[in-house]
Amino acid sequence: MSTARTAPAPAPAPTTSYWCETLLTEVGARSGVRLTVGTDGCIEARAHDVPAEPGDIRLGTVLPGQANAHSHAFHRALRGRTHDQGGDFWRWRERMYTVAQTLTPELYLHLAHAVFAEMLVSGYTAVGEFHYLHHRPDGTPYPQEHAMELALATAAREVGIRLVLLDTSYLTGGLGTPLRPEQRAFGDGSAAGWLTRWAALRETLTADAAARPGEPALVTLGAAVHSVRAVPREAIREILAGLPAELPVHIHLSEQPQENADSLAAYQATPTGVLHGLGALTPRLSVVHATHLSDHDLRLLGDNGVTVVMCPSTEADLGDGIGRARELAAAGCPIALGSDQNAVIDPFLELRGLEMAERLAAGSRGRFTPAALLRAAGTHGYAALGLGPAGLAPGDPADLVEIDAGSIRTLGAHPDQLVLAATAADVQRVIVAGRIVADRGRLVGTAAAARAPHGAPAALLRDALRALDPGDPA
């Protein structure tokens, strides 16, 4: 199966200037801001308190791009289909495995188009895809090498969103147990097997980018270890030693109490303690969820500047629990945000969920300032994905999100508190690498926009769900 598409790629953006009536960043709101974007898709110059000029593209209220630092795109197929079944994370996981076994590269391309499109029109400009669907359901490779990975890369490129492909090692079904039959598609046999495939994937993506001169470099490769329960301790050691030192690495951590209990039984240490013993706790590491931590775990993560990626909508939906976000931030952990299972795709609901969970746990308001929430959604997420600064300063990526400050939801909100009033429905234009790629809920100017009637992401999703389940009424 080839994931290459025949639709022509959009031309590289010329030098462009955007004039923002209000630019809201984590340092506050400024009026009359002109952002000049170079041909490389980065901010070339920024001027404050200036009038609009005839050549400017005029925007209203603008935020820096928002990063979805943890996503499993294929989980989107479960939205609205598991919420009446009771149970817990482990019961939900069985349904998730069923979806995983139905996907082929062709089907995943359809689904990823739809999921990435929904992210983009909702205000996400970058996504970290925690990806472990590597092989056929029986564990054998697809005829085309990296077929599933290339499906994700193609979908992101055609939609116009930044993708950091967090290719994931997943070797065991649990501590000391082999992969179950429904998990065989995830495995590479050993740490060495995963490292070999990862290195080959890097070469493939590098060659693919070189074959597209003039296009924005939207797809980059990162790495992930699924969890301490799914990758043995010595395999984690081997993987960390075999990856480039600067590469961002992500791992699920202590999402469930059972993971902690199993780790203590096997290693006499919590998952955080295992990683500490391996020297893995460094600023390049991002741990996802970190819901059930001991006080010692929390200090270890904070002392080593490890980013914690919290996924409030998923942690609530699956009944995972409420993490210790404010304590982690105070200890020294940058907090980033993700949509995880994509039961909800809305960056504003995630950052609001972070604050509201803290209020419920602490019994007080204002646990995170609006500026801190904006930093989590943008700056910390971009850094966790290895995308560099995201404050719209010269040299930063020209990734912007325009929101409607006069909607029924936002009207009357102080500019610096808009992030606690807006939702994805208030997103207007979305700009990635200096190009407008979405406008009021519709894709524009990309191959995916040309494929969807009127650029509507729902059309892409309808096609994807029908492909997954031909009997589905969607």
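Before reading on, note that the structure itself is shown above.
**Digging into the sheet that holds strand 16 (residues 442–443)**
- Spatial strand order, 3-2-1-4-13-14-15-16: eight strands in an open sheet with mixed pairing. Because the sheet does not close on itself, it has two edges, and the strands there are strand 3 (43–47) and strand 16.
- Pairing geometry for strand 2 (residues 28–37) and strand 3, over four bridges, is antiparallel. Paired with Thr 36 across the two strands is Ala 45, which belongs to strand 3.

**Some points on the environment of Arg 197**
- With respect to the helices and strands, the residue Arg 197 is situated in helix 4 (residues 191–210).
- The class for Arg 197 is buried, based on a relative accessible area of 11%.
- Here Arg 197 is in contact with His 134, His 135, His 146, Glu 149, Asp 167, Thr 168 and Asp 188, once residues within four sequence places are set aside.

**Structural notes on the nonpolar core**
- Residues Phe 74, Leu 111 and Phe 116 are the most contacted members of the largest nonpolar core, which totals 133 residues.
- Top contributing element to this core by residue count: helix 2 (residues 105–122), with 12 residues.
- Once residues lying within four places of it in the same chain are set aside, the contact partners of Phe 74 are Met 96, Val 99, Ala 100, Leu 103, Tyr 108, Leu 111, Tyr 132 and Leu 133.
- If you look at the next biggest cluster of nonpolar residues, it comprises 13 residues, including Tyr 18, Ile 43, Leu 59 and Ile 431.

**A word on the pattern of salt bridges**
- The full count for this structure, using the stated rule, is 24 salt bridges.
- In this structure, Glu 149 and Arg 197 form a salt bridge, with 3.8 Å as the shortest nitrogen-oxygen distance. Residue Glu 149 is found in helix 3 (residues 147–159), and its partner Arg 197 is found in helix 4; the two are separated by 48 residues along the sequence.
- Among the ionic pairs, Glu 355 bridges to Arg 359, the shortest N-O distance being 2.6 Å. One end of the pair is Glu 355 and the other is Arg 359, both in helix 11 (residues 347–362) and four residues apart, which spans about a single turn. Both residues of the pair, Glu 355 and Arg 359, count as buried.

**Digging into the pairing of strand 10 (residues 285–289)**
- Taken across its five residues, strand 10 has five buried, putting it largely inside the fold.
- As paired elements, strand 9 (residues 249–253) and strand 10 share five bridges and run parallel to each other. In the strand pairing of strand 10, Val 249 is matched with Leu 285.
- Pairing geometry for strand 10 and strand 11 (residues 307–310), over three bridges, is parallel. Note that in strand 11 the partner of Ser 286 across the bridge is Thr 307.
- After leaving strand 10, the chain enters helix 8 (residues 295–303) and then returns to the sheet as strand 11, a path that is right-handed.

**Considering helix 8**
- Turning to helix 8, its buried residues number three or more, namely Asp 297, Leu 298, Leu 300, Leu 301 and Gly 302.
- Here the buried face of helix 8 lies against strand 9, helix 7 (271–277), strand 10 and helix 10 (325–331).
- Two residues or fewer after helix 8 comes Gly 305, characterised by a positive phi angle close to 65 degrees.

**Quick look at helix 3**
- Over its 13 residues, helix 3 extends 18 Å from the first C-alpha to the last, a length consistent with the 18 Å expected when each residue adds 1.5 Å.
- Of all 13 residues making up helix 3, 13 are buried, and the element is well covered by its neighbours.
- Residue Gly 160 follows helix 3 closely and has a positive phi angle near 105 degrees.

**Details of the side chain of Thr 61**
- The residue Thr 61 is located in strand 4 (residues 57–64) in this model.
- Thr 61 has contacts with Thr 22, Val 401, Glu 402, Ile 403, Ala 405 and Leu 418, leaving out every residue within four places of it along the chain.

How each quantity is defined
- Residues numbered from 1 in each chain as written.
- Predicted model: local features only at pLDDT ≥ 70, side-chain atom pairs only at ≥ 80, totals over all residues.
- Heavy atoms only, no water.
- Pairing = 2+ DSSP bridges.
- Helix = DSSP H or I, 4+ residues; strand = E, 2+ residues; numbered from the N terminus.
- Buried < 20%, exposed > 50% of the residue type's maximum accessible area, 1.4 Å probe, protein only.
- Contact = heavy atoms within 4.5 Å.
- Core = buried A, V, L, I, M, F, W, Y, C linked by side-chain atoms within 4.5 Å.
- Salt bridge = Lys/Arg side-chain N within 4 Å of Asp/Glu carboxyl O.
- Right-handed = clockwise from strand over helix to strand, strands pointing away.
- Expected span 1.5 Å × (residues − 1).

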